[in-house]
Amino acid sequence: MTPSDTAAADGAFMEEALSEARLAAAAGEVPVGAVAVLDGRIIARARNRVEEALDATCHAEMELLHRCAAELGDWRMENVDFFVTKEPCAMCAGAMVNARVRRVVYGVSDPRSGACGSALNVTGFPGMLWQVESVGGIKSEEARALLQDFFRQVRIRNKKPAINADAPQEKCPS
C-alpha cells in the first residue's frame, strides 16, 4: 500500500469513527468515537458511554477493546488498528499497550491529557513490553468541531439566566 493509499484509507476509517462520535453526542456523551480495523475491514465500533453506563471507564477506546476481544476471541490485537476521534487518555493508551494494538490513529490532539505523545507518551514509552504506533491529526478539524460544538451546547444548557436589572430586588434581612 502506498502512503497516499494509507492516508486515504485512514481518512475513510476516521470518518466512520466520526460517525460514532456523532452518535455519542446525540446520546449526551462527550463526542468520541472509535472503530477497529483488521485486514482493511472494520471489525468493531464504539463510542463514549460514560453517562449511559455511569462508569468513568466507558471511554470509546475501552468499549472498543471489549468488542474487539469478543470479535477476535482473544485479548491480543497485534494486527488491529484503532481509529479514534480524540487522542486517547492515559487509561485508554495503557489498555491499548496491554492489548498489543498495532496502531492508533486519532483525530484531534489533547495537549492536557493525551497519552499518545501530546501530554504523555504511554503508547511509545520505551520501558513497556509493547509500543503502539501513533498517528495523529487525521480529520482533526472535524473532530475538534464536534467537541467544541458539544461543549458549547453544554455551557449554554448550564448557563444561569441573567438577572433582570429592572425587576424589584429582595432585600437581605438584617
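Counting from 1, residues in each chain are numbered in the order their sequence is written. For a predicted model such as this one, the threshold for reporting local features is a pLDDT of at least 70, and the threshold for listing and counting side-chain atom pairs is 80 or more; totals across whole chains, interfaces and linings nevertheless cover every residue. Side-chain figures throughout are based on the complete set of non-hydrogen atoms in the structure, without hydrogens or water.

Draft legend 1. Region of the structure containing unusual backbone geometry. The phi torsion at leucine 54 lies on the positive side, around 50°, for a residue other than glycine. With respect to the helices, strands and loops of the structure, leucine 54 is situated in the loop between helix H2 (50-53) and helix H3 (60-72). The way it works is that DSSP assigns letters per residue, a run of H or I at least four long becomes a helix, a run of E at least two long becomes a strand, and they are numbered from the N terminus.

Draft legend 2. Region of the structure containing the packing of helix H1 (residues 3-26) against helix H5 (residues 140-158). A fitted line through C-alpha atoms serves as each axis, taken over the contacting stretch for helices, and the angle formed by two N-to-C directions is quoted from 0 to 180°. Two elements in contact, H1 and H5, have axes separated by 11 Å at closest approach and are oriented at 5°. In this view, H1 runs roughly parallel relative to H5, as classed from their interaxial angle. Of the residues in H5, those touching H1 at Leu18, Ala21, Arg22 and Ala25 are Glu142, Ala143, Leu146 and Phe150. Grouping the constituent residues of the contact of H1 with H5 by class yields six nonpolar, no polar and two charged. Every angle not falling under 35 degrees, over 145, or within 65 to 115 is termed oblique; those three ranges are roughly parallel, roughly antiparallel and roughly perpendicular. Whether two residues are in contact is decided by their heavy atoms, any of which lying within 4.5 Å being enough. Side-chain classes are defined by residue name, with Ala, Val, Leu, Ile, Met, Phe, Trp, Tyr, Cys and Pro counting as nonpolar, Asp, Glu, Lys and Arg as charged, and the others, Gly among them, as polar.

Draft legend 3. Focus on the layout of surface pockets. Every definition here rests on a 1 Å grid over the protein atoms only: cavities are sets of points where a 1.4 Å probe fits but cannot get out, pockets are open sets enclosed by protein on both sides within 12 Å along at least five of seven lines, and lining residues have some atom within 4 Å of a point. Grid points are joined across faces, edges and corners, and a volume is the space filled by probe spheres set on the points. Here the largest pocket is characterised by a volume of approximately 540 Å³. Considering the residues around the largest pocket, the lining is formed by 25 residues, among which Val30, Lys86, Asp110, Leu147 and Phe151 are closest to the centre. Secondary structure elements with two or more residues in the lining of the largest pocket: H2 and H5. Sorting elements by how many residues they give to the lining of the largest pocket places H5 first, with five residues. For the lining of the largest pocket, the residue count by class is 11 nonpolar, six polar and eight charged.

Draft legend 4. Summary view of the pattern of salt bridges. Here, a salt bridge means any Lys or Arg side-chain nitrogen found within 4 Å of an Asp or Glu carboxyl oxygen. Here the structure, examined in full by the defined rule, presents 16 salt bridges. For arginine 45, the salt bridge is made with glutamate 16, and the minimal N-O distance between the two is 2.8 Å. One end of the pair, arginine 45, is in strand S2 (residues 41-47); the other, glutamate 16, is in helix H1, and 29 residues separate them in sequence. To sort residues, take the accessible area from a 1.4 Å probe on protein chains only and compare it with the maximum for the residue type: under 20% means buried, over 50% means exposed, and anything in between is partly exposed. With relative accessibility at 33%, the residue arginine 45 sits in the partly exposed group. Across the salt bridge formed by arginine 103 and aspartate 81, the nearest N and O atoms sit 3.5 Å from each other.

Draft legend 5. Summary view of the nonpolar core. To qualify as a nonpolar core, a set must consist of buried Ala, Val, Leu, Ile, Met, Phe, Trp, Tyr and Cys residues joined through side-chain atoms within 4.5 Å. Core analysis: the largest hydrophobic core is formed by 30 residues, its most contacted members being Cys68 and Phe82. Of all elements in the fold, only strand S1 (33-38), S2, H3, strand S3 (80-86), helix H4 (90-99) and strand S4 (103-108) reach the threshold of two or more residues within this core. Here the element with the most residues in this core is H4; it accounts for six residues. Non-local contacts of phenylalanine 82, meaning those with residues more than four positions away in its chain, are made with Val35, Ala36, Glu61, Leu64, Leu65, Cys68, Met77, Met96, Val101, Arg103, Val104 and Val105.

Draft legend 6. Summary view of the side chain of arginine 47. Tracing the sequence through the fold places arginine 47 in strand S2. Arginine 47 gets classed as buried once you look at its relative accessible area, which sits at 17%. A polar atom in the side chain of arginine 47 sits 3.0 Å from the side chain of glutamate 52. Apart from the residues lying within four places of it in its own chain, the contact partners of arginine 47 are Glu20, Leu23, Ala24, Ala27, Glu29, Val32, Gly33, Glu52, Cys58, Ala60 and Glu63. Under this definition, polar contacts are N or O atom pairs within 3.5 Å; protein pairs additionally need one hydrogen-donor-capable and one acceptor-capable atom, and for neighbouring residues in sequence, both atoms have to be side-chain atoms.

Draft legend 7. Structural context of the packing of aromatic side chains. Any pair of Phe, Tyr and Trp rings, taking the six-membered ring for Trp, is counted once the centres come within 6.5 Å. Such a pair is stacked with planes under 30 degrees apart, edge-to-face with planes over 60 apart, and tilted for the rest. Using the criterion set out here, one finds two aromatic pairs in the structure. Seen from their ring centres, phenylalanine 13 and phenylalanine 83 are 5.3 Å apart, and the 45° between their planes marks the pair as tilted. With phenylalanine 13 in helix H1 and phenylalanine 83 in strand S3, this residue pair connects regions lying 70 residues apart in the sequence. Taken individually, phenylalanine 13 and phenylalanine 83 each receive the classification buried, so the pair is uniform in this respect.

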